[in-house]
Amino acid sequence: MLPPELPPLPALTRAEGELIDRYLEAVDLLGRINPAHHGDTYRGLRAAQALVAKAAELRDALATMHQRGETEVHAMTLARALRVLDGERRTARVTVPPHSDS
């Protein structure tokens, strides 16, 4: 049996697509750095080092949007794109896990 088909990505400009891609890459790195999750310091260090470059790429994506006259972020459309690209799971790694009594 095949997995359920994901909904299609909403129509995005090239710059919006870059913004979403760079944002999720930065989120993935932040999830690896999150001290509330198990991991070793070397893994966090490597992710933090990579985050510097990803933050610059994220800045550049936003600058490109602004220079092209895309001055408004269409939150509903971009949120749909994030959901299709598993953004809910990926961003959950950045938050503090719920308190456990065990």
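Use the structure listed above.
It should be emphasised that the depicted structure is a prediction, and the values quoted were computed from it without experimental measurement. (Residues numbered from 1 in each chain as written. Predicted model: local features only at pLDDT ≥ 70, side-chain atom pairs only at ≥ 80, totals over all residues. Heavy atoms only, no water.)

### Digging into the nonpolar core
Note the cut-off: Residue types Ala, Val, Leu, Ile, Met, Phe, Trp, Tyr and Cys, when buried and joined through side-chain atoms within 4.5 Å, form a set referred to as a nonpolar core. The cut-offs for exposure are 20% and 50% of the maximum accessible area for each residue type, with area from a 1.4 Å probe on protein chains only; residues under the lower value are buried, those over the upper are exposed, and the others partly exposed. Strands are runs of DSSP state E lasting at least two residues, helices are runs of H or I lasting at least four, and both sets are numbered from the N terminus onward. Only heavy atoms enter the contact rule, under which two residues are in contact if any of them lie within 4.5 Å.
Ranked by size, the top nonpolar core spans nine residues in total: Ala15, Leu19, Ile20, Leu24, Leu58, Ala61, Met65, Leu78 and Ala81. Of all the elements in the fold, those that place two or more residues in this core are helix H1 (14-33), helix H2 (41-67) and helix H3 (75-84). The element contributing the most residues to this core is H1, with four residues. Those residues within four positions of isoleucine 20 in sequence are excluded, and the remaining contacts are Leu78, Ala81, Leu82 and Leu85.

### So, the side chain of asparagine 34
Quick note on the threshold: Think of a polar contact as two N or O atoms within 3.5 Å of one another; within protein, one of them needs to be a possible hydrogen donor and the other a possible acceptor, and neighboring residues in sequence only count if both atoms come from side chains.
Along the chain, asparagine 34 falls in the loop between H1 and H2. Using a relative accessible area of 10% as the deciding quantity, one classes asparagine 34 as buried. Among the polar contacts made by the side chain of asparagine 34, one reaches the main-chain carbonyl oxygen of valine 94 at a distance of 3.1 Å. Contact partners of asparagine 34, with chain neighbours within four places excluded, come to Arg93, Val94 and Thr95.

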